[in-house]
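Analysis of the macromolecular model
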Amino acid sequence: MIEDTQTATLHLAADEARRAPSILNTQPWRWQVHDGALDLHADPARRLGSVDPQGRLLTLSCGAALHHARVALAAAGHEPVVERLPDPADPSLLARVRAGRPRPAGDDDRLTYEAMLRRRTDRRRFGSPVPMAPEALAALRAAAEAEHARLHRLRPGEVEYLGYAAQGAHVLDAKDEGRVAEQQAWTHRGPGSADGMTGDAVPAPADRPVPLRDFALGGEATLDPGPGDESNVEYLAVVTDGDGVEDWLAAGEATSAVWLAAVARGLAASPLSDVVEIPGARALLGSLIEPAGHPQLVLRVGVDPDPAPPPASPRRPARDVIDGGEATR
Ligand SMILES: Cc1cc2nc3c(=O)[nH]c(=O)nc-3n(C[C@H](O)[C@H](O)[C@H](O)COP(=O)(O)O)c2cc1C
């Protein structure tokens, strides 16, 4: 009986983790519930061979899903216990999660869980008459550090360089047929698709200090960019000391943690990974990081003056991403 409850709890955590953000909404994860454990596997068939040859962004996306599962477990009153990369013989097994001792959910657990339910990638223009409160920035930094990563806040002069890195990335992107074809494929999945992106989630071109990638959508990017003027936007690079699979996984967990901490404080965010996909752009960004480290992603964080949320992206059904544990549901 206890085992059945554990299985149901773990299945629910995997189910809730489907909400996690992922590169081009590829949702490159598979969960397996077995013997009182929940295994997180990377799905290599969903790796983007041209955009993400090393599988770094795939692993980051899985890290975000892992953090989402932890948030769900904590909100359900269980201490999440996680072994990362538990089997050296199976590199696709990124983590094994167990529901540890019961522990009443605290206010932070609940607020983070509620933020997880609300979170969406918001690519519209932000704008606020006041800068982000120092306490909020400190909370986002702490969220990254709790996940063995850190945030580098780009100063105004550095944002200009980030803008150059993004522009350069877009020029090289457009010249790379493999990258264009892959983005085309994941932004034109067809009606009713459970994965990928559509033009209504991507704003039409607008003035911005750091230009947005166009996902090979061209004129099909139709979301209203909104009334914001991008004032008081923060660009926060998620940085790790190393650059191996465990660092990418940590960066994904940190990205989710920082993003949910931002949403819990009424802020909105969208990631920029084009600037870490193209090696030259990543090197330029890396040269700004002090103390030296590896930039894994940049989060653009600010206040969206539009109170209505941007369109939701689709998700794959639970039966396609979770094996085992259904019998008890
Ligand atoms: C590793 C990673 C990289 C991403 N890169 C970008 C990006 O460069 N530009 C962007 O607008 N969104 C980016 N995203 C956001 C995804 O496109 C988004 O999570 C996905 O489409 C699902 O939408 P949702 O976050 O609203 O649920 C990225 C997300 C992850 C996890």
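Each chain carries its own residue numbering, running from 1 in the written order of its sequence. Where local features are concerned, this predicted model is filtered to residues with pLDDT of at least 70; where side-chain atom pairs are given and counted, the filter is 80 or more; whole-chain, interface and lining totals use all residues. Computation of side-chain values covers all heavy atoms of the structure but excludes hydrogens and water.

Now for the overall build of the protein chain. Comment: elements are numbered from the N terminus, with helices defined as DSSP H or I runs of at least four residues and strands as E runs of at least two. Helices and strands together make up the secondary structure of the protein chain, namely 10 helices and 9 strands. For the radius of gyration, the atom set is restricted to C-alpha positions; the globular benchmark scales as 2.2 Å times the number of residues to the power 0.38. In terms of overall dimensions, the protein chain is globule-like: its C-alpha atoms have a radius of gyration of 19 Å, near the 20 Å expected for 329 residues. Here the C-alpha coordinates of the protein chain stretch approximately 60 × 45 × 40 Å along the principal axes. Only protein chains enter the accessibility calculation, which uses a 1.4 Å probe; a residue is then buried when its area is under 20% of its type maximum, exposed when over 50%, and partly exposed in between. Taking all 329 residues of the protein chain together, the buried fraction comes to 54%. The Shrake-Rupley method, run with a 1.4 Å probe, gives the accessible areas here. Residue values count only the displayed protein chains as cover. Accessible surface, the protein chain as shown: approximately 14200 Å² in total, 54% of it carbon and sulfur. His is not counted, nor are the chain ends, whereas Lys and Arg count as positive and Asp and Glu as negative. Every charge is mapped onto a representative atom, which is NZ of Lys, CZ of Arg, CG of Asp or CD of Glu. Separation between the mean location of the 35 positive side-chain charges and that of the 48 negative ones in the protein chain comes to 2 Å.

This next bit is on the site of the ligand. We call a residue near a molecule or strand whenever a single non-hydrogen atom of that residue lies within 4 Å of it. Around the ligand there are 20 residues in total, and Arg119, Thr121, Arg123, Ser273 and Arg315 lie nearest to it. In protein, a polar contact means a hydrogen-donor-capable atom and an acceptor-capable atom, both N or O and within 3.5 Å, with residues adjacent in sequence counting only if both atoms are side-chain atoms; elsewhere, any N or O pair within 3.5 Å suffices. A distance of 3.1 Å separates a nitrogen atom of the ligand from a polar backbone atom of Pro271. Protein contact buries 97% of the 620 Å² of open area that the ligand shows by itself. If you list the elements that add at least two residues to the shell around the ligand, you get α2 (56–75) and β7 (268–272). Split by domain, the residues of the shell around the ligand number at least three in each of domain 1 (2–120) and domain 2 (134–302). Domain delimitation follows an automatic or database domain assignment.

Moving on: the sheet that holds strand β5 (residues 150–153). If you walk across this open sheet you meet the 4 strands as β5-β6-β8-β7, and the pairing is antiparallel. Each edge of the open sheet is held by one strand with a lone partner, namely β5 and β7. Sheet twist, expressed as the mean angle between neighbouring strand axes with direction ignored, is 30 degrees. When β7 meets strand β8 (residues 294–302), the two strands line up antiparallel, connected through 5 bridges. Within the sheet, the bridge partner assigned to Pro271 lies in β8 and is Leu299. Two strands qualify as a pair provided that DSSP identifies no fewer than 2 bridges between them. For every element, the axis is a line fit to its C-alpha atoms; helices are fit only across the contacting stretch, and the angle between N-to-C directions ranges from 0 to 180 degrees.

Turning next to the pattern of salt bridges. Take a side-chain nitrogen of Lys or Arg and a carboxyl oxygen of Asp or Glu: if they are within 4 Å of each other, that pair is a salt bridge. Evaluated as defined, the whole model comprises 26 salt bridges. Across the pair Arg96 and Asp39 runs a salt bridge, and its minimum N-O distance is 2.7 Å. Here the residue Arg96 occupies a position in strand β4 (residues 93–102), and Asp39 occupies one in strand β2 (residues 37–42), the gap between them amounting to 57 residues. The partner of Arg101 in a salt bridge is Glu79, with the nearest N and O atoms 2.9 Å apart. Linking Arg101 in strand β4 with Glu79 in strand β3 (residues 78–84), this pair joins segments that are 22 residues apart in sequence. Several salt bridges converge on common partners, so that one network encompasses Asp43, Arg46, Arg189 and Asp195.

Before going further, it helps to examine helix α6 (residues 177–187). Taken together, the buried positions of α6 are Arg179, Glu182, Gln183, Trp186 and Thr187. Within α6, the buried residues cover an arc of 125 degrees as seen down the axis, which keeps them to one side. Of the surrounding secondary structure, the elements contacted by the buried residues of α6 are α5 (156–175) and α8 (274–277). Summarising the geometry, the arc corresponds to the directions from the helix axis toward the C-beta atoms. We call two residues contacting when some pair of their heavy atoms lies within 4.5 Å.

Within this scheme a cavity is a closed region of a 1 Å grid, computed over the protein atoms alone, that accommodates a 1.4 Å probe without allowing it to escape, whereas a pocket is open but has protein on both sides within 12 Å along at least five of seven lines; lining residues each have an atom within 4 Å of a point. Grid points are joined across faces, edges and corners, and a volume is the space filled by probe spheres set on the points. Approximately 680 Å³ is the volume attributed to the largest pocket. Lining the largest pocket are 35 residues; nearest its centre among them are Pro21, Ser22, Arg119, Thr121 and Trp259. For the lining of the largest pocket, the secondary structure elements donating two or more residues are α2, α3 (107–118), α7 (245–264) and β7. Looking at which element gives the most residues to the lining of the largest pocket, the answer is α2, with 4 residues. The residue inventory of the lining of the largest pocket, partitioned by class, reads 18 nonpolar, 9 polar and 8 charged. Built from parts of two domains, the lining of the largest pocket gets at least three residues from each of domain 1 (2–120) and domain 2 (134–302). If you add up the space inside the second largest pocket, you get close to 530 Å³. His67, Asp108, Asp109, Thr112 and Ala257 are, among the 20 residues lining the second largest pocket, the residues nearest its centre. Secondary-structure elements contributing two or more residues to the lining of the second largest pocket are α2, α3, α4 (134–145) and α7. All residues other than Ala, Val, Leu, Ile, Met, Phe, Trp, Tyr, Cys, Pro, Asp, Glu, Lys and Arg, Gly among them, are scored as polar; the first ten of these are nonpolar and the last four charged. When grouped by side-chain class, the residues that make up the lining of the second largest pocket number 12 nonpolar, 2 polar and 6 charged.

To form a nonpolar core, buried Ala, Val, Leu, Ile, Met, Phe, Trp, Tyr and Cys residues must be joined to one another through side-chain atoms within 4.5 Å. In this structure, Trp29, Trp31, Leu38, Leu40, Leu140 and Val301 are the most contacted members of the largest nonpolar core, which totals 57 residues. When residues in this core are grouped by element, the largest group, 11 residues, is from α7. Both domains that furnish three or more residues to this core are identified here as domain 1 (2–120) and domain 2 (134–302). Formed by 34 residues, the second largest nonpolar core is a distinct cluster that contains Ala165, Leu217, Ala237 and Leu285.

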